[in-house]
Amino acid sequence: MDLIVSSGPATRAMIAVRDIPVLFAQSGDPVALGIVKSLAQPGTNFTGTTFLSLALAGKRVELLKDIFPKLRRLAVLSNRDHPGEPSEWKATQQAASALGIDALYIPFSGQGEFEAALKSVAETPADALLVFPEPVTMVNRATIARFAAKQRLPSMFGWSEYCEAGGLLSYGANQRATYFLLAKYADRILRGERPADLPVVQPEKFELVVNLKTARLFGEDLDLSSILFRASRVLE
């Protein structure tokens, strides 16, 4: 075998692999996962892409505040099993505090605690919902979107797929575009370059997606004027 390509939770299963190059696409922090020594210089048989960018965490809070000026209490749904989650929560908390928003932490661990976490959100006196992008919430994105609408919580997500499932807003990397980068790295590795020397790629282009159908559910509570002209895509 010349090369292994993995994504999401499957990369955890590859941690013990040492003698085969592993090319990954990770939503979390590969340093925290322990598969590379640093993003700039992996130093192992692993390299690839990560969608995690702490600057995005703060921007998502700002965008949600722009569209929903009344926002004072923000429920943050977060999977603690996600590599890099503590850093993402800290960045979100700092951004919320700077905007006078009380960030209400709703953590869960894996699929087994997901439903209980939603119940906790329902019992929390929140004005809106922010969901960290990662595999468990991605799989359950339609459930979360329906839940947020039922609870009348304007929702912010990390990837456009969440908006396509009914979420209100998303801001983050275009996953499809990022995966194309893996093909270039695969070619370089198969031509003899070492994963240890190939920096882990972070996204440089981001997309803001707005679901207008969902926005209409909230009527005049939302101010779309400040955000529509910045949107990469508007879903009807």
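Our structure is the block above this text.
Quick caveat: nothing in here was measured; it's all calculated off a predicted structure. (Residues numbered from 1 in each chain as written. Predicted model: local features only at pLDDT ≥ 70, side-chain atom pairs only at ≥ 80, totals over all residues. Heavy atoms only, no water.)

Engineer: I would appreciate a short explanation of the sheet that holds strand E3 (residues 46-50) in the present structure.
Structural biologist: Hydrogen bonds between backbone atoms are what pair the strands of a sheet, whose relative direction is either parallel or antiparallel. With respect to topology, 3 strands assemble into an open sheet ordered E1-E2-E3, the strand pairing being parallel. Lying at the two open borders of the sheet, with one neighbouring strand each, are strand E1 (4-7) and E3. Direction aside, neighbouring strands of the sheet carry axes that sit 15 degrees apart on average. The pairing of strand E2 (residues 22-26) with E3 spans 5 bridges and is parallel. In the strand pairing of E3, Leu-23 is matched with Thr-47. (Pairing = 2+ DSSP bridges. Helix = DSSP H or I, 4+ residues; strand = E, 2+ residues; numbered from the N terminus. Axes fitted to C-alpha atoms, helices over the stretch in contact; angles between N-to-C directions.)

Engineer: I tried to follow the packing of helix H4 (residues 114-122) against helix H6 (residues 141-150) on my own but got confused; where do I start?
Structural biologist: Angle between the axes and distance between the axes: these two values describe a pair of packed helices. The N-to-C vectors of H4 and H6 enclose an angle of 15 degrees; their axes lie 11 Å apart at closest approach. Judged by the inter-axis angle, H4 sits roughly parallel to H6. The handedness of the crossing between H4 and H6 comes out as right-handed. Counting all contacts with H4, which are made through Phe-114, Leu-118, Val-121 and Ala-122, the residues of H6 involved are Thr-143, Ile-144 and Phe-147. For the contact of H4 with H6, the residue count by class is 6 nonpolar, 1 polar and no charged. (Parallel < 35°, antiparallel > 145°, perpendicular 65-115°, else oblique. Left-handed = near helix turned anticlockwise from the far one by under 90°. Contact = heavy atoms within 4.5 Å. Nonpolar A, V, L, I, M, F, W, Y, C, P; charged D, E, K, R; others polar.)

Engineer: Explain the packing of helix H2 (residues 54-67) against helix H3 (residues 85-98) to me, please; I cannot follow it from the model alone.
Structural biologist: Between H2 and H3, the shortest axis-to-axis distance is 8 Å and the interhelical angle comes to 35 degrees. In the packing of H2 onto H3, the handedness of the crossing is right-handed. Listed contacts from H3 to Leu-54, Ala-57, Gly-58, Arg-60 and Val-61 of H2 are Ser-87, Glu-88, Ala-91, Thr-92, Ala-95 and Ala-96. Across the contact of H2 with H3, the residue classes break down as 6 nonpolar, 3 polar and 2 charged.

Engineer: Explanation requested: the layout of surface pockets in the structure shown.
Structural biologist: Regions of empty space are outlined by a rolling probe, equal in size to a water molecule, passed over the atoms. When its volume is computed, the largest pocket comes out at roughly 250 Å³. Together, Asn-174, Ala-177, Thr-178, Leu-181, Val-201, Gln-202, Pro-203, Glu-204, Lys-205, Phe-206 and Glu-207 line the largest pocket. Broken down by secondary-structure element, the contributors of at least two residues to the lining of the largest pocket are helix H8 (175-190) and strand E9 (206-211). Of the residues forming the lining of the largest pocket, the biggest block, 3 residues, is contributed by H8. Across the lining of the largest pocket, the residue classes break down as 5 nonpolar, 3 polar and 3 charged. (1 Å grid on protein atoms, 1.4 Å probe; cavity = no way out; pocket = protein on both sides within 12 Å on 5 of 7 lines; lining within 4 Å. Points joined across faces, edges and corners; volume = space filled by probe spheres on them.)

Engineer: Explain empty space enclosed by the protein to me, please; I cannot follow it from the model alone.
Structural biologist: Taken as a whole and judged by the stated rule, the model has 1 cavity of 30 Å³ or more. By volume, the largest cavity amounts to about 50 Å³. Forming the boundary of the largest cavity are Ser-27, Phe-51, Leu-52, Ser-53, Leu-56, Arg-60, His-82, Glu-88, Pro-133 and Trp-159.

Engineer: Any chance you could explain the packing of aromatic side chains here in plain terms?
Structural biologist: Ring pairs (aromatic) are described by centroid distance and by the angle formed between their planes. Enumeration over the complete set of coordinates arrives at 6 aromatic pairs. Taken together, a centroid distance of 5.6 Å and an interplanar angle of 65 degrees make the contact between Phe-51 and Trp-159 edge-to-face. You can see Phe-51 sitting in the loop between E3 and H2 and its partner Trp-159 sitting in the loop between strand E7 (155-157) and helix H7 (160-164), a full 108 residues away along the chain. As far as the burial class goes, Phe-51 and Trp-159 line up, both buried. Pairing Phe-108 with Phe-114 gives two aromatic rings, centres 6.0 Å apart and planes at 70 degrees, and the pair type is edge-to-face. Phe-114 carries the same exposure label as Phe-108, and that label is buried. (Phe/Tyr/Trp six-rings, centres within 6.5 Å; stacked < 30°, edge-to-face > 60°. Buried < 20%, exposed > 50% of the residue type's maximum accessible area, 1.4 Å probe, protein only.)

Engineer: What's the story with the side chain of Ser-160 in this structure? I'm lost.
Structural biologist: With respect to the helices and strands, the residue Ser-160 is situated in helix H7. Residue classification places Ser-160 among the buried residues on the basis of a relative accessible area of 2%. A distance of 3.2 Å separates a polar atom in the side chain of Ser-160 from a polar atom in the side chain of Glu-207. Looking at Ser-160, its side chain comes within polar contact range of the side chain of Arg-233, at 3.2 Å. Excluding residues within four positions of it along the chain, Ser-160 makes contact with Ser-170, Arg-176, Glu-207, Val-209 and Arg-233. (Polar contact = N/O pair within 3.5 Å; in protein donor to acceptor, adjacent residues only side chain to side chain.)

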